[in-house]
Amino acid sequence: MNSEMLGLSYLQIALGKTDHLVAHINSNDKEPSWDGDVEVYRKAGHVHAKADLILKVPVQVKGHCKPNLKKKSIKYSIQYADLKNYLAIGGTIFFVIYINDSGDKAAIYYADLLPYDLKKHLKAYDGDPYKYKSIELKTFPKKKNDIADVFLNFTHHMNMQRASINSTPVTLESLCTSDPAQFSNIELTMGYSTTSRNYQFPFDYFFDHETYLYVKQPHDVTLPIAHLKNVETVNYTVNAPISVKSVVFYDHYTVSRTKNLSTINFGADIHQALQVGTQAKPDFHFSLSGSLSERIRDARFIIAVLNAQQYEINGGVLNFSGASSNSSGFIDVSSIQKQLDFLVGMQDTLNLLHVKKDLDPSLIDEAGQNCLNILKIALLDKKSVKLVPSDSIFRPCHVANLNLLLCTLPIEGTDNFYDVYDFNQAPITFTTEDSSGNENPSSYYVQLNRNLMVWCDNIDYDIMLDTLKGIPFSEEYSQSLNTLILEMLHAYDCSNSTREDILSAVIELTDWVRKNDTFSLPSVTTINHYQAIKRSRKLTVSEQADLYQLTESPQEDEQIYVGAYLLLDSPVAATVHFSKLSPEEQSTFLGFPISHFMPNNH
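Parameters at a glance
Residues numbered from 1 in each chain as written. Predicted model: local features only at pLDDT ≥ 70, side-chain atom pairs only at ≥ 80, totals over all residues. Heavy atoms only, no water. Helix = DSSP H or I, 4+ residues; strand = E, 2+ residues; numbered from the N terminus. Rg over C-alpha atoms; globule rule 2.2 N^0.38 Å. Buried < 20%, exposed > 50% of the residue type's maximum accessible area, 1.4 Å probe, protein only. Contact = heavy atoms within 4.5 Å. Areas by Shrake-Rupley, 256 points an atom, 1.4 Å probe, with all protein chains shown as cover. Lys, Arg positive; Asp, Glu negative; His and termini not counted. Charge placed at Lys NZ, Arg CZ, Asp CG, Glu CD. Core = buried A, V, L, I, M, F, W, Y, C linked by side-chain atoms within 4.5 Å. Patch = residues over 30% accessible without salt bridge, like charges linked within 9 Å, V, L, I, M, F, W, Y side chains within 5 Å. Salt bridge = Lys/Arg side-chain N within 4 Å of Asp/Glu carboxyl O. Axes fitted to C-alpha atoms, helices over the stretch in contact; angles between N-to-C directions. Parallel < 35°, antiparallel > 145°, perpendicular 65-115°, else oblique. Left-handed = near helix turned anticlockwise from the far one by under 90°. Nonpolar A, V, L, I, M, F, W, Y, C, P; charged D, E, K, R; others polar. Pairing = 2+ DSSP bridges. Expected span 1.5 Å × (residues − 1). Polar contact = N/O pair within 3.5 Å; in protein donor to acceptor, adjacent residues only side chain to side chain.

Mind showing me how you'd approach the overall build of the protein here?
Helix and strand counts for the protein come out as 17 helices and 26 strands. Over its C-alpha atoms the protein spans a radius of gyration of 37 Å, topping by over 25% the 25 Å that the globule rule assigns to 602 residues. Seen along its three principal axes, the alpha-carbon backbone of the protein occupies a region of about 120 × 70 × 40 Å. Relative to its 602 residues, the protein shows a buried fraction of 44%. Expressed as a percentage of contacts within the protein between residues at least 6 apart in sequence, the contacts between residues at least 24 apart total 61%. Taken as a whole, the protein presents about 31,300 Å² of accessible surface, with 50% of it coming from carbon and sulfur. The positive charge centre, built from 52 side chains, and the negative charge centre, built from 70, are 15 Å apart in the protein.

Help me out: how do you make sense of the nonpolar core in this one?
Soluble globular proteins tend to pack their nonpolar side chains together in the buried interior. Formed by 49 residues in total, the largest nonpolar core has its most connected members in Tyr 253, Phe 266, Phe 301, Tyr 311 and Leu 404. Take this core: its biggest share by element is 10 residues, from helix α6 (residues 292-308). Among residues more than four places away in sequence, those in contact with Leu 404 are Leu 350, Leu 353, Val 355, Leu 375, Arg 395, Pro 396, Cys 397, Val 399, Trp 455, Cys 456 and Asn 458. Formed by 33 residues, the second largest nonpolar core is a distinct cluster that contains Tyr 444, Leu 481, Leu 489 and Ala 505.

How should I be thinking about the environment of Ile 242 in this particular structure?
Position of Ile 242 among the secondary structure elements: in strand β12 (residues 242-244). Among the residues examined, Ile 242 registers a relative accessible area of 0% and is labelled buried. Sequence separation between Ile 242 and Asn 314 is 72 residues, and the spatial gap between their C-alpha atoms is 6.6 Å. Residues within four places of Ile 242 in sequence aside, it is in contact with Val 247, Val 248, Phe 249, Tyr 250, Tyr 253, Phe 266, Phe 301, Tyr 311, Glu 312 and Ile 313.

Got a minute to help me understand the side chain of Gln 347 in this structure?
Positionally, Gln 347 belongs in helix α7 (residues 333-352). Not counting residues within four places of it along the chain, the set of residues in contact with Gln 347 comprises Leu 292, Ser 293 and Ile 296.

In this structure, what is going on with a negative patch on the surface? I would like to understand it.
On the surface, Glu 556, Asp 557, Glu 584 and Glu 585 cluster together into a patch of negative charge. As for its placement among the helices and strands, Glu 556 is situated in the loop between α14 (541-551) and α15 (558-567). A relative accessible area of 88% places Glu 556 in the exposed class.

Teacher, can you tell me more about the packing of helix α11 (residues 475-494) against helix α13 (residues 522-534) here?
Two packed helices can be described by the angle between their axes and the distance between those axes. It is the contact of α11 with α13, at a shortest axis distance of 11 Å, that shows an interaxial angle of 20°. Comparing their axes, α13 and α11 come out roughly parallel. For the crossing formed where α11 meets α13, the hand is left-handed. Of α13, the residues touching α11 (which contributes Asn 482, Ile 485, Leu 486 and Leu 489) are Asn 528, Gln 531 and Ala 532.

Hey, could you run me through the packing of α13 against α15 in this one?
Taken N-terminus to C-terminus, the directions of α13 and α15 make an angle of 25°; their axes are 10 Å apart at the nearest point. Judged on the interaxial angle alone, α15 and α13 are roughly parallel. α13 and α15 meet at a crossing whose hand is left-handed. Here Ser 523, Val 524, Ile 527, Tyr 530, Gln 531 and Lys 534 of α13 lie close against α15, whose contacting residues are Ile 560, Gly 563, Ala 564, Leu 566 and Leu 567. Counted by class, the contact of α13 with α15 contains seven nonpolar, three polar and one charged residues.

Whenever I open this one, unusual backbone geometry confuses me. Can you help?
What is expected of a backbone is that most residues other than glycine have negative phi and most peptide bonds are trans. Here the phi dihedral of Lys 382 falls at roughly 55°; this positive angle occurs in a residue that is not glycine. Position of Lys 382 among the secondary structure elements: in the loop between α8 (366-380) and β21 (385-386). By relative accessible area, which is 72% here, Lys 382 ends up exposed.

I keep staring at the pairing of strand β16 (residues 270-275) and nothing clicks. Help me out?
Residues in a regular strand project their side chains so that they alternate between the two faces of the sheet. Pairing between strand β15 (residues 261-266) and β16: six bridges, direction antiparallel. Looking across to β16, one finds that Asn 265 is bridged to His 271. The loop that links β15 with its antiparallel partner β16 comprises three residues; one of these, Gly 267, has a positive phi angle of about 65°. Here β16 runs beside strand β17 (residues 283-286); their pairing, made up of four bridges, is antiparallel. Note that in β17 the partner of Gln 272 across the bridge is Phe 284.

Would you take a moment to explain α7 for this structure?
Within an α-helix, residues lying three or four positions from one another point in the same direction, as the helix has 3.6 residues per turn. Spanning 20 residues, α7 covers 28 Å between terminal C-alpha atoms, matching the ideal 28 Å at 1.5 Å per step. For α7, the set of buried residues is Ile 336, Leu 340, Leu 343, Gly 345, Met 346, Gln 347, Thr 349 and Leu 350. Among the structural elements, β17, α6, α8 and β23 (402-410) are those in contact with the buried residues of α7. Just beyond α7, the residue with positive phi is His 354, at close to 60°.

Can you walk me through the side chain of Asn 528 in this structure?
Examined against the element boundaries, Asn 528 turns out to sit in helix α13. Engagement of the side chain of Asn 528 in a polar contact is seen with the side chain of Gln 531, the distance being 3.2 Å.

Below, the structure is given as structure tokens:
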């Protein structure tokens with residue numbers, strides 16, 4: 001029995017079922033690594049136009065007599081020399097046909113040998129062309145459209161992988177580790193080519209078919225980076241509104257899709273699951289979680305949904321009345337409203353304290369809840385509260401992830417009762433005394449130090465700037481402002497450059513001081529302003545010109561030269577002038593925030 005000829009016959013019959021393929025395979029083919037090719041056409045039909053030809057796919061066919069035809073996959077050894085040839089032309093479909101002893105039954109197996117996989121197979125190649133590599137082959141489909149899809153999909157990936165034939169392999173892992181910061185900017189693609197079957201959801205194809213993931217390189221070159229053999233879940237984000245009666249609550253949502261289930265996720269912990277292809281009721285889950293603002297928004301959304309019994313998503317309407325709740329049962333509107341009122345009370349209290357950072361309610365312990373209750377009584381209800389006596393009118397308060405600074409003024413004639421105020425609106429007058437014993441207006445803001453500014457979450461820097469700008473200059477106030485500026489710069493540096501609110505404030509403050517303070521040296525106010533700006537961006541040409549003017553003018557203090565050259569990115573010149581300082585002056589200079597720009601050897 002000629003197993004090779006029988007195998008070719010069975011394959012020819014299978015390929016002949018389709019409307020997209022024309023096979024040219026024969027047992028007498030003399031090509032070194034192939035038995036022919038299969039023409040793949042875009043349009044279905046018995047006769048095909050030349051313009052519809054996508055590609056000719058090279059094929060290799062092996063026939064063998066085997067009694068077991070029920071295997072779902074087999075292993076077959078292929079010479080490395082053949083694998084090299086397959087790579088050189090961009091890929092080959094390799095067939096093995098098992099035929100029973102009587103020759104009346106057969107099982108067809110195949111392997112898509114594309115450049116991405118061929119390169120992996122050839123990694124172990126040591127140059128000996130007669131050595132073999134064991135390759136896994138899977139069952140060839142029997143339905144004509146599935147057969148056509150094997151070749152249509154192969155041509156798609158064969159074209160996509162041509163650039164990878166002679167390129168260095170790229171992997172998903174290498175992209176993640178080479179430059180993690182830029183990974184989000186990488187353009188990844190995946191696709192397929194199939195017969196005219198319509199999928200309700202484009203990704204549905206990948207739940208039953210293998211595919212490849214590609215990365216787009218410069219000059220529109222695409223390279224394969226992964227062979228996806230088993231896609232179980234597809235997650236994606238949709239930038240579209242979710243609303244109730246045209247009131248928008250969310251501007252995007254995510255979808256988690258499996259073969260049988262589609263889950264819409266939005267808010268902190270809201271999701272609705274729909275069984276794909278069935279009329280089963282959607283399963284709706286909701287719980288209050290996340291930050292305080294997220295809980296308030298989610299609670300308001302749920303109340304609106306319960307009242308309207310529906311919500312709109314991406315232009316469509318999801319009927320809520322038919323949805324089944326999660327296993328814990330649904331909470332009624334009045335219960336959620338009580339929770340919402342409680343959350344809004346917390347938010348209103350924090351707003352009065354000018355807190356911009358979001359509270360994490362999951363971190364509130366008993367002490368934190370007691371603090372919130374006291375603050376609500378004092379600030380919202382405007383009642384005096386009983387507190388532990390303190391020597392200072394300013395006292396700290398810690399609630400969950402928030403650090404707060406309060407002003408507490410004792411009420412005379414009471415048993416430790418206090419009026420509590422937001423730190424930014426403390427009703428106190430602050431003055432400093434000059435050398436002649438005269439009192440000059442000042443502000444309690446000048447008492448802030450770097451540690452307190454980094455720690456505190458309720459310093460309103462807009463209010464601080466307005467307050468500071470409203471106080472007339474004096475020599476003492478000028479000195480206090482310059483000290484505050486240095487502390488603010490230190491605070492920004494201590495925060496690992498994360499406190500943009502502090503940096504923005506100190507840039508504005510130094511600009512105002514530079515233009516209005518007649519008590520400070522212009523060289524000092526210039527250095528302070530530009531060192532604040534340099535932490536934010538590069539200096540402009542005119543700003544650099546101001547600094548060059550300092551370096552070319554006589555300065556009584558050598559430290560001015562050091563600071564100016566540091567800001568001009570001239571470390572050598574800065575080091576030369578730094579060496580002219582006494583050891584005590586050098587130590588003092590290194591304690592200033594301008595030393596942030598000193599070369600590392602200092």
